[in-house]
Amino acid sequence: PQPRQSAAAPCNQPLQKQTRNRAANNTMARLPLLAASLAALTASSSVPQVERSASYPKRSSADSALLEWGNSAIIHNADGVVARFGPAATHPEFELGIEADLVTASPRQGCEALSNAAKALTQIVVMYRGGCSFRKKLENAEAAGAAALIVVNNDRRSPDRAFAMSLDADEEVDRPDDGPDPDQDAKIRTPSLMVSYAAGQQLREHGPRRMRIFAGGDRPFIESVTDAAPLLYLVHNAIMDSEIEAAKAKLAPYLLPHPPGRSNEAPIHRATRSLGALRGAQLTAFYDRVASIVGYPVDHLSEPILERRRAGQPYALREDRALLPLNPRGVEDARARTIMTVYCYLDDVKDEDGGALYFARARPGAVRVRVRKGLAAIFYSALEDGTLDRTAAHGDAPLRSGAEAWVLAL
């Protein structure tokens, strides 16, 4: 996903600077609006109900694939999502690794026997989503003797979205909780994966003839979340184990109760240090990785905040709102305090133990992001004109007694 561009200020920096005198002169006149803003921060006190289909992450390193083409001078690559069927799903010993020519199916959707089957023999066949089930596409690819199948997603509204295909569907489906899984068919021997619409356009523009496909492993990759608002996506493997250990070792000694003034028994403790003080602690590589993903210079990212969460903190919906100065036209025209926020989870928390990150106002429906080690949730609180995107309001589900979550925020 492309970050929202703004010339007003770098991410996680105040979007507008006002003089102290101006703020003082207008504070009294804006007290009613300030009260309304504070009320908006805690307007929701119950964890929203979220459909199973809106719970993330849906992907894992096991279904990550990397497509690569080019020569020694210029290398192009794209992400792929391995299907729930095929050798990677039914044979644990299978390791994805293919190099062959790229052949576009004719017809393109692959819902009929391929008229260019002779060209597809032992090659990587590209088909386009739609017209029939993924099973039908696979059958026609196998009948042509293809070495692998790539399906390009046709969702232009979410051009970065790809998902793990299921045999008897043409859309994303949830895995069954019990009973037989039709995707676990050991007879299927053709590796299959999906790429996003944007990646499909990249393939068309560069027109590669020869392609390499291999397992993504622990390489960082992006999972698209919302189709509408807010701009929200997940980065898997955003932080390495050595970086997690370094963050805790360097920041944990400075943990203090939050908000300040609370007792040491407070459920939330925070610590922060300047990045300069942390150089050599392996966090520089983490910052470089985040900067390359979001498209901002490292200097525009905020100082790291280490947060330890324990049971006792109630759910509350919060916004990255600039409380002062408020726009005279009211709360709905408030300014955002930050452009972008990164929440990076440093450990796993079981779903039943709580701690998930909720976006109650997301469109078309509420979204839940579960706590998974190494996963980063990146979301934008500012619209292009600097006003607050109220769909980015978020809150953390309470943790059960004995559970603990560690988060590194930027």
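The preceding data block contains the structure.
Residues numbered from 1 in each chain as written. Predicted model: local features only at pLDDT ≥ 70, side-chain atom pairs only at ≥ 80, totals over all residues. Heavy atoms only, no water.

Draft legend 1. Layout of the state of the cysteines. Scanning the entire structure with this criterion turns up one disulfide. Disulfide pairing is shown between Cys111 and Cys132; the S-S distance is 2.2 Å. Across the S-S bond linking Cys111 and Cys132, the dihedral sits near -90 degrees, which makes this disulfide left-handed. Linking Cys111 in the loop between β4 (97–104) and α4 (117–120) with Cys132 in the loop between β5 (124–128) and α5 (134–143), this pair joins segments that are 21 residues apart in sequence. You can call Cys132 buried: its relative accessible area is 17%. (Disulfide = S-S within 2.5 Å. Helix = DSSP H or I, 4+ residues; strand = E, 2+ residues; numbered from the N terminus. Buried < 20%, exposed > 50% of the residue type's maximum accessible area, 1.4 Å probe, protein only.)

Draft legend 2. Quick peek at unusual backbone geometry. The omega torsion across Tyr56 and Pro57 is 5 degrees, close enough to zero to call that bond cis. Along the chain, Pro57 falls in the loop between β1 (55–56) and β2 (64–70). Between His258 and Pro259 the backbone carries a cis peptide bond, its omega angle lying at -5 degrees. Within the secondary structure layout, Pro259 lies in the loop between β11 (256–257) and β12 (268–272). Unusually for a residue other than glycine, Thr122 sits at a positive phi of about 65 degrees. Examined against the element boundaries, Thr122 turns out to sit in the loop between α4 and β5.

Draft legend 3. Looking closely at the environment of Ser224. Here Ser224 is to be found in strand β9 (residues 221–224). Among residues more than four places away in sequence, those in contact with Ser224 are Tyr56, Asp160, Arg161 and Tyr233. (Contact = heavy atoms within 4.5 Å.)

Any link to function would need more than the numbers given here.
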